[in-house]
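Descriptive analysis of the structure
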Amino acid sequence: MLIRSGKIQFLFWTAFFSVFVFIWIAWIALGTFILPDEKPVTVPQNAVMLLFILYGILAVLLMAGTFVSVMIDNRFYRKLFGIFVMVAMGTLMYAKSMFG
C-alpha cells in the first residue's frame, strides 16, 4: 500500500467531498426547479435554504483545497480546484440569472 502525506490525503478528501456536495446541489436543483412533478406556486423555501447552505459548504471546501494546494505547490490539485471553482461559480451565476 502506498502511503501518502497528510496534506495530499487532505487534498484528495477535500476534492472528493467537493464533488459530492456539487452533485448534491445539482440533484436538489434538478428535482426542485427543473424536473418537478408539478409546477410549484411559490418558491420552496426549504430547498432554497438547503442550496444556500450547500453552496456555502462548497465554497469553504474549494477555498481550503485551493489554499492548501497553493501552499504545498501541488500543480494537479491546484488546477483541479481552480477549474472546479470556475464551474461552481458558473452554475451559481446561471442559477442567479434563471431565477432572478
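For the structure, see preceding data.
Residues numbered from 1 in each chain as written. Predicted model: local features only at pLDDT ≥ 70, side-chain atom pairs only at ≥ 80, totals over all residues. Heavy atoms only, no water.

Moving on, we come to the overall build of the protein. Counting its regular elements, the protein contains three helices and zero strands. Starting at the N terminus and ending at the C terminus, the protein contains elements arranged as α-α-α. Compactness check: the protein gives a C-alpha radius of gyration of 16 Å against a globular reference of 13 Å for 100 residues, more than 25% above the reference. In terms of overall dimensions, the protein has C-alpha extents of about 55 × 30 × 15 Å along its principal axes. Counting only residues that meet the buried cut, the protein has 25% of its 100 residues in that class. Here the contacts in the protein between residues at least 6 apart in sequence split such that 70% fall between residues at least 24 apart. Summed over all atoms, the accessible surface of the protein reaches about 7500 Å², with 75% contributed by carbon and sulfur. (Helix = DSSP H or I, 4+ residues; strand = E, 2+ residues; numbered from the N terminus. Rg over C-alpha atoms; globule rule 2.2 N^0.38 Å. Buried < 20%, exposed > 50% of the residue type's maximum accessible area, 1.4 Å probe, protein only. Contact = heavy atoms within 4.5 Å. Areas by Shrake-Rupley, 256 points an atom, 1.4 Å probe, with all protein chains shown as cover.)

Tracing the sequence through the fold places T14 in helix α1 (residues 6-34). The contacts of T14, once residues within four sequence positions are left out, are L61, G65 and F81.

What follows is about the nonpolar core. Within the largest apolar cluster, 18 residues are counted, with the highest numbers of intra-cluster contacts made by V21, I25, L58, L62 and F81. Of all the elements in the fold, those that place two or more residues in this core are α1, α2 (45-71) and α3 (75-99). For F81, the residues in contact, after removing those within four places along its chain, are L11, T14, A15, S18, L61, L62, G65, T66 and S69. (Core = buried A, V, L, I, M, F, W, Y, C linked by side-chain atoms within 4.5 Å.)

Glancing now at the packing of aromatic side chains. Evaluated as defined, the whole model comprises eight aromatic pairs. Pairing F22 with F84 gives two aromatic rings, centres 5.3 Å apart and planes at 70 degrees, and the pair type is edge-to-face. Here the residue F22 occupies a position in helix α1, and F84 occupies one in helix α3, the gap between them amounting to 62 residues. Of the residues examined, F22 reaches a relative accessible area of 17% and is grouped as buried. Taking relative accessible area as the criterion, F84 reaches 16% and is therefore assigned buried. Counting every residue linked through ring pairs, the aromatic cluster contains F12, W13, F16 and F17. (Phe/Tyr/Trp six-rings, centres within 6.5 Å; stacked < 30°, edge-to-face > 60°.)

Glancing now at the side chain of S18. In this structure, S18 sits in helix α1. S18 gets classed as buried once you look at its relative accessible area, which sits at 1%. In contact with S18, other than residues within four places in its own chain, are L58, L61, L62, F81 and F84.

Another aspect to go through is the environment of Y55. Note that Y55 resides in helix α2. Residues Y55 and I25, spaced 30 residues apart in sequence, show a C-alpha to C-alpha distance of 7.6 Å. Setting aside chain neighbours within four positions, we find Y55 in contact with I25, A88, T91 and L92.

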